[in-house]
Amino acid sequence: MTEDLLAGSSINTEDLLAGSSINTEDSISTRLLHGKAVVITGAGRGLGAAYAVHAAQAGAAVVVNDIDGAHAEAVAARIVAHGGRAVASVASVADPDQAGGIVQRCVTEFGRLDGLVNNAALNHLALPWEEDLDAARELIEVNVLGVLYCGIAAAQVMRAQGAGRSEEHTSELQSHHD
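Since we're looking at a predicted model, the values are computed, not measured.

**Some points on the overall build of the protein**
Then step 1. Broken down by element type, the protein carries six helices and six strands.
Then step 2. Overall, the protein shows an N-to-C arrangement of helices and strands of α-α-β-α-β-α-β-α-β-α-β-β.
Then step 3. Within the protein, the fraction of its 178 residues that count as buried is 40%.
Then step 4. Of the contacts made within the protein by residues no fewer than 6 positions apart, 63% connect residues no fewer than 24 positions apart.

Have a look at this one:
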């Protein structure tokens, strides 16, 4: 089964991993991620899957989170099949308890949390007079509150450990926090 990583492209996780096993060649990514444990939300497809594969290729252990269990499992399985370390997490970032569980899964599986990529997001377009209020609420719950819930849970763990990093990704805006 192959799924597109980028809408409208033929790139898939198998292509990203094809031709080599996970390696830790010297690169900036490897120096930053080798031996680290990271959570990537919305990692079952698209850019999130690409982030997960890239992190694993750089030597990180990855929690592949997505609300679609089949996609999360497939990405994690491909990483493991190519020599990386990954586990799937099927949970919604829009629920504070589930968001905390995503972070805790990383600590339980890999012993710590070194990074969080808040990639899970919804895209909803509507004319203002045709807006579906339930869809708008869901968008806010995932795109805003989900980032907050995961970020708080990760910050608590990272503060207790004394180290870590979080990145929030939205369509065109990227923000980095140390």
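That shown, we press on.
**Looking at the environment of Asn119**
Then step 1. Topologically, Asn119 is positioned in the loop between β4 (115-118) and α6 (133-161).
Then step 2. Along the sequence, Asn119 and Leu47 sit 72 residues apart, while their C-alpha atoms lie 7.9 Å from each other.
Then step 3. Look past the residues within four positions of Asn119 in its chain and what remains in contact with it is Thr41, Gly42, Leu47, Gly48 and Tyr51.
Then step 4. Looking at Asn119, its side chain comes within polar contact range of the main-chain oxygen of Gly42, at 3.0 Å.

**Points about a negative patch on the surface**
Then step 1. A cluster of acidic residues, Asp132, Asp134, Glu138 and Glu141, forms a negative patch on the protein surface.
Then step 2. If you trace the backbone, Asp134 turns up in helix α6.

**Notes on the confidence of the model for the protein**
Then step 1. On average, residues of the protein carry a pLDDT of 84, and 77% of them reach 70 or more.
Then step 2. In this model, residues 1-11 is a region of pLDDT below 50 whose contacts with residues beyond four sequence positions or in other chains number 30 contacts.

**As for the pattern of salt bridges**
Then step 1. The tally for this structure, following the rule as stated, stands at three salt bridges.
Then step 2. Across the pair Asp68 and Arg45 runs a salt bridge whose closest N-O atoms are separated by 3.0 Å. Here Arg45 lies in the loop between β1 (37-40) and α3 (46-57) and Asp68 lies in the loop between β2 (61-65) and α4 (69-81), a separation of 23 residues in the sequence.

**Some remarks on α4**
Then step 1. With 13 residues, α4 ought to run about 18 Å at 1.5 Å a step, and its terminal C-alpha atoms sit 18 Å apart, in line with that.
Then step 2. Within the span of α4, buried status applies to His71, Ala72, Ala74, Val75, Ala76, Arg78 and Ile79.
Then step 3. With a side-chain oxygen lying 3.1 Å from the backbone nitrogen of Ala70, the N-terminal cap of α4 falls on Asp68.

**So, the packing of helix α5 (residues 96-110) against α6**
Then step 1. Contact pair α5 / α6: the axes reach a minimum separation of 8 Å and the direction vectors enclose 40°. In terms of axis orientation, α5 runs oblique to α6. The way α5 lies across α6 gives a crossing that is right-handed. Facing α5, whose interface residues are Pro96, Ala99, Gly100, Val103 and Val107, α6 presents Tyr149, Cys150, Ala153, Ala154 and Val157.
Then step 2. Split by residue class, the contact of α5 with α6 holds nine nonpolar, one polar and no charged.

**Things to note about the nonpolar core**
Then step 1. Within the largest apolar cluster, 21 residues are counted, with the highest numbers of intra-cluster contacts made by Val39, Val63, Cys106, Phe110 and Leu113.
Then step 2. At the level of secondary structure, the elements contributing two or more residues to this core comprise β1, β2, α5 and α6.
Then step 3. In terms of residues, this core owes the most to one element, α6, which gives six residues.
Then step 4. Apart from residues no more than four positions distant in its own chain, Val39 is found in contact with Val63, Ile102, Val103, Cys106, Leu113, Gly115, Leu116 and Val117.
Then step 5. In terms of nonpolar packing, the next biggest core, distinct from the first, is built from 20 residues, Ala49, Ala55, Ala56 and Ala72 among them.

Analysis parameters
Along each chain, numbering runs from 1 in the same order as the chain's sequence is written. Per-residue local features of the predicted model are confined to residues with pLDDT of at least 70, and side-chain atom pairs are confined, for both listing and counting, to 80 or more; whole-chain, interface and lining totals are unaffected and use all residues. Think of the side-chain values as coming from all heavy atoms in the structure, minus any hydrogens and water. Only DSSP runs of H or I with at least four residues qualify as helices, and only runs of E with at least two residues qualify as strands; both kinds are numbered from the N terminus onward. Buried, partly exposed and exposed residues are distinguished by accessible area as a fraction of the type maximum, computed with a 1.4 Å probe on protein chains only: under 20%, between the cut-offs, and over 50%, respectively. Throughout, a contact is declared for two residues whenever any of their heavy atoms are within 4.5 Å. Each polar contact in these results corresponds to two N or O atoms within 3.5 Å; when the atoms are within protein, one needs to be able to donate a hydrogen and the other to accept it, and residues that are neighboring in sequence are counted only if both atoms are side-chain atoms. Each patch is assembled from residues with relative accessible area greater than 30% and no salt bridge, linking like charges that lie within 9 Å and nonpolar side chains (Val, Leu, Ile, Met, Phe, Trp, Tyr) that lie within 5 Å. Every accessible area reported is derived by Shrake-Rupley at a probe size of 1.4 Å, with residue values counting cover from the shown protein chains alone. The working definition used for a salt bridge is a side-chain nitrogen of Lys or Arg within 4 Å of a carboxyl oxygen of Asp or Glu. Counting rule for charge: Lys and Arg are taken as positive, Asp and Glu as negative, and neither His nor the chain ends is counted. A charge is said to be at NZ when it belongs to Lys, at CZ for Arg, at CG for Asp and at CD for Glu. Confidence of the predictor at the level of single residues is captured by pLDDT, which takes values from 0 to 100. The span one expects for a helix is its residue count, reduced by one, times 1.5 Å. Structural elements are reduced to axes, namely lines fitted to C-alpha atoms, with helices fitted over the stretch in contact, and the angle between N-to-C directions of any two is expressed from 0 to 180 degrees. Orientation labels follow simple angle bins: below 35 degrees gives roughly parallel, above 145 gives roughly antiparallel, 65 to 115 gives roughly perpendicular, and whatever is left gives oblique. Each crossing is labelled by how the near helix is turned from the far one, with a counterclockwise turn of less than a right angle marking it left-handed and a clockwise turn marking it right-handed. Gly is put with the polar residues, along with every residue not named as nonpolar or charged; the nonpolar set is Ala, Val, Leu, Ile, Met, Phe, Trp, Tyr, Cys and Pro, and the charged set is Asp, Glu, Lys and Arg. The set of buried Ala, Val, Leu, Ile, Met, Phe, Trp, Tyr and Cys residues whose side-chain atoms join them within 4.5 Å is what this entry labels a nonpolar core.

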